[in-house]
Amino acid sequence: MSGPATDTASVVIVGAGPRGTGFLERLAANLPELYGDEPLDLHLVDPYPPGPGRIWRTAQSPLLWMNSRAEDVTMFTDETVRLDGPVRPGPTLADWAGIEGRGFPTRPRQGAYLRWVYERALAALPDTVTVHEHRTSALRIGGPRDGRQRVWLETGAEPLHADVVVLTVGHLGAEPDPEQRSLTAFAARHRLLHIPPGFTADTDLSALPAGEPVLVRGFGLAFVDLAVLLTEGRGGRYEERGGDLVYVPSGREPVLYVGSRRGVPYHAKIGYVLDGEAPPLPRFFGSEQTDALLGRDGPLDLRRDLWPHIRKELGWAHYHRLFTAHPERTSLPWDAFEKAYAQASPHGPEIAALVADAVPDTADRIDPDALDHPLDGVRYGSAQELQDGLRDYIAEDLTRRNDPDRSPDAAVFAALLSVYGQLARLGDRVDTDGWWHGFFSYLASGPPGPRLRQLLALSRAGIVRFLGPRVTVEADEGRGVFRAASAALPGEWTEARALVEARLPDPTVEHTDSPLLRALHEDGALATAGGLLVVDPADGRVVEREEGPHPRRFALGPHTTARAGAAFTRPRTGGLAFGQNDAAARAALAFLREGSCRLPVPLSA
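All values derive from a computational prediction rather than experimental measurement.

Trainee: How do you make sense of the packing of aromatic side chains when you look at a structure like this?
Mentor: Each aromatic ring pair is characterised by the separation of its centres together with the angle its planes make. Using the criterion set out here, one finds 27 aromatic pairs in the structure. Consider the rings of Trp307 and Phe439, whose centres lie 5.5 Å apart with planes at 90°: the pair is edge-to-face. With Trp307 in helix α7 (residues 302–325) and Phe439 in helix α13 (residues 435–444), this residue pair connects regions lying 132 residues apart in the sequence. As far as burial versus exposure is concerned, Trp307 and Phe439 are alike and both buried.

In structure tokens form, the structure reads like this:
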């Protein structure tokens, strides 16, 4: 619908990918109770296919995998989700596709699942709802707080008229920051190649030359995609030989020199099922602690105010599992340990002393601070020693992540998810992005184990070379090349004529490449925290600096202060994102039901 406003109530959803689809599902589920059979116009705005959206579109390489197992992906609520609306169960990706649940599906397969979920949500809408799909981008939102909104699209001169606007735009791109602009300019002067942060599947990699060194900064999931597209994507293949995985090059691959802050890849996905007693969570970072933090005046500091409690929570999950599942590796009864642990201050040395007495083997202890810096202080005598050392590290990680005797690792994974749920309650009171999100991803959102087996094969084949931790990249004007060095091998520099930033852009509203969010930010009304859009944690309403929550504008997803952590929800885990979607949908429908929402739009809006 475009052109003059009508009397029919209207909702515009900007972003029809997974989060927009999740909101749509909740809207359909709650509509009979809260809105009845009144007519409603529903607009979905997205240049990419509704359902999968940009990231999960089916038109991408089948070599790219999901980062979750098929059985761990659902788009449907169950009785563990805290919500006021009705539960509408549905199949997991594994059940829907009829595939092995422990496998890692391709992204196109996930895209097909999301398209089906979208179509099912549409089918659940009554005939009184008219759906309009707009395969374009939204550019700007206008309108007063007490009147209908207008949403201008890239195509079409007339705006959409909306009583409620919901921003579910997903992961944001970003305009290059000063460092990236400088590196791009340097590359242009010297006829080099610089690829700034971005979505690897959307990046043109064809200019990276075969056989030539390429510096890669970033060792997370974006690097995994990069390595896949530049190896198998260029005709290479893997073979099993005597129990080892061997990479057979096509001859078209570049040589990837990879480094990062930690210098190691994200930990592999855990390869076993956690059986027996699970740690009762939350325990030391739950609603009691977050309520107390919310009661304080002023902003909160993550490291000072939250990290001690989070660290104690992670330790609690680890040791609960160790004592209950592997008691032979402990030297105190669980009841005694639990009591002393509960009484110990999260800020003091008591926990470390207790653990030293109760857990004899240091390999059975957890130190979250040390986990974040696995190569601190490590030095190698040569580049080859560094390659051997990193290969040993990756092989040991793979072994551990597939060993049920190391099941406390899986308990810590559950605790990380629990912590993320509590952080969402704090909203804009604390900046939870940056370091925390990277730490969470490093421990809990790493690649499938088979990807690290492939990484080892690529290393042995000489296609991937490790640079090490705290990597430094320089633009050498005199030599006209990029150079990289690592703290683990001081004084040794690697030169290349290509540099790839293998990471996603920082999701900031200030520097986003989304014209819609940039326009909202430039209007000066939006409240932001840590670069994210501040929303009311109760129902996702967009918060304005002076006026507070906007009655007609909602936002859900990773660009907000209520980001839910994992990209997709595992069945029967509480579904934080589902609860957020439900609360927003119910708030929007209740607002529409009031009947006073459809005031005329002033011509000056």
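Trainee: Is there a simple way to explain the nonpolar core in this structure?
Mentor: It is characteristic of soluble globular proteins that their nonpolar side chains tend to be buried jointly. If you look at the biggest cluster of nonpolar residues, it comprises 85 residues, and the most contacted ones within it are Phe223, Leu306, Ile310 and Trp436. Every residue in contact with Leu306, bar those within four places of it in the chain, is listed here: Phe285, Leu293, Leu300, Asp301, Leu423, Leu426 and Val430.

Trainee: Sorry if this is basic, but what is going on with the pattern of salt bridges here?
Mentor: A side chain with one charge may pair with a side chain of the opposite charge, provided their charged atoms come close. A complete count under the given rule lists 37 salt bridges for this structure. Notably, a salt bridge pairs Arg303 with Asp369, separated by 3.8 Å at the nearest N-O pair. Here Arg303 is found in helix α7, whereas its partner Asp369 is found in helix α10 (residues 368–371), with 66 residues between them in sequence. A cluster of three or more residues bridged by salt bridges with shared partners is formed by Glu25, Arg26 and Asp582.

Trainee: Would you mind going over the side chain of Arg586 with me for this structure?
Mentor: With respect to the helices and strands, Arg586 occurs in helix α16 (residues 576–593). Exposure remark for Arg586: the relative accessible area of 16% places this residue in the buried category. In contact with Arg586, not counting residues within four places along its chain, are Asn30, Glu33, Leu34, Asp84 and Gly85.

Trainee: I keep staring at helix α12 (residues 408–426) and nothing clicks. Help me out?
Mentor: Residues that lie three or four places apart on an α-helix share one face, since the helix turns once every 3.6 residues. Between its first and last C-alpha, α12 extends 27 Å over 19 residues, near the 27 Å set by a 1.5 Å rise per residue. Counting buried residues in α12 gives 15 out of 19 residues, a clear majority hidden from the surface.

Trainee: Would you explain the pairing of strand β5 (residues 149–153) in this entry?
Mentor: Across the five residues of β5, five count as buried, placing the element largely inside the fold. Side chains Gln149, Val151 and Leu153 project from β5 onto one buried face, and the interleaved Arg150 and Trp152 project onto a second face that is buried too. The sheet contact formed by strand β4 (residues 138–142) and β5 spans four bridges and is antiparallel. Within the sheet, the bridge partner assigned to Gly142 lies in β5 and is Arg150. Pairing between β5 and strand β6 (residues 160–162): three bridges, direction antiparallel. Paired with Gln149 across the two strands is Ala162, which belongs to β6.

Trainee: Is there a simple way to explain the packing of helix α6 (residues 287–294) against α12 in this structure?
Mentor: If you want to describe how two helices pack, look at the angle between their axes and the distance between the axes. Here α6 crosses α12 at 25°, and the two axes come no closer than 10 Å. Between α6 and α12, the crossing angle belongs to the class labelled roughly parallel. α6 and α12 meet at a crossing whose hand is right-handed. Between α6 and α12, the contacting residues are Ser287, Thr290, Asp291, Leu293 and Leu294 on the first element and Gln422, Arg425 and Leu426 on the second.

Trainee: Where do I start with the pairing of strand β13 (residues 464–468) in this structure?
Mentor: For a regular strand, side chains alternate in direction, first toward one face of the sheet and then toward the other. In terms of burial, β13 is a largely internal element, four of the five residues being buried. With four bridges connecting them, strand β12 (residues 255–259) and β13 associate as parallel partners. Residue pairing in the sheet places Val258 in a bridge with Phe466 of β13.

Trainee: Can you walk me through the sheet that holds strand β16 (residues 494–496) in this structure?
Mentor: The strands making up a sheet associate through backbone hydrogen bonding, with each pair oriented either parallel or antiparallel. The three strands are arranged β14-β15-β16 in an open sheet whose pairing can be described as antiparallel. At either margin of the open sheet sits one strand with a lone partner, and together these are β14 (472–476) and β16. The average undirected angle you get between the axes of adjacent strands in this sheet is 25°. Bridge count for β14 against strand β15 (residues 481–485) is five bridges, and the pairing is antiparallel. Paired with Asp476 across the strands is Val481, a residue of β15. Here helix α4 (residues 178–189) sits on the sheet in contact with β14 and β15, set at roughly 130° to β15.

Trainee: What is the right way to look at the environment of Thr21 in this model?
Mentor: Summarising the element assignment, Thr21 is placed in helix α1 (residues 18–34). The class of Thr21 is buried, set by a relative accessible area of 1%. Each C-alpha atom of the pair Thr21 and Arg181 lies 35 Å from the other, and the pair is 160 residues apart in sequence. Aside from chain neighbours lying at most four places away, what touches Thr21 is Ala16, Gly51, Met75, Leu114, Val117 and Tyr118.

Trainee: Could you clarify how one ought to interpret the side chain of Thr569 in this entry?
Mentor: By the element assignment, Thr569 lies in the loop between β21 (548–555) and α16. Setting aside residues up to four positions removed in sequence, Thr569 forms contacts with Asp72, Val73, Thr74, Gly575, Ala577 and Phe578.

Trainee: Explain the sheet that holds β6 to me, please; I cannot follow it from the model alone.
Mentor: Read across the sheet, three strands follow the order β4-β5-β6 without closing on themselves; strand pairing throughout is antiparallel. The sheet is open, and its two borders are formed by β4 and β6, each paired with just one other strand. With direction set aside, neighbouring strand axes in the sheet form an average angle of 25°.

Here is what the cut-offs are and how they apply
Residues numbered from 1 in each chain as written. Predicted model: local features only at pLDDT ≥ 70, side-chain atom pairs only at ≥ 80, totals over all residues. Heavy atoms only, no water. Phe/Tyr/Trp six-rings, centres within 6.5 Å; stacked < 30°, edge-to-face > 60°. Helix = DSSP H or I, 4+ residues; strand = E, 2+ residues; numbered from the N terminus. Buried < 20%, exposed > 50% of the residue type's maximum accessible area, 1.4 Å probe, protein only. Core = buried A, V, L, I, M, F, W, Y, C linked by side-chain atoms within 4.5 Å. Contact = heavy atoms within 4.5 Å. Salt bridge = Lys/Arg side-chain N within 4 Å of Asp/Glu carboxyl O. Expected span 1.5 Å × (residues − 1). Pairing = 2+ DSSP bridges. Axes fitted to C-alpha atoms, helices over the stretch in contact; angles between N-to-C directions. Parallel < 35°, antiparallel > 145°, perpendicular 65-115°, else oblique. Left-handed = near helix turned anticlockwise from the far one by under 90°.

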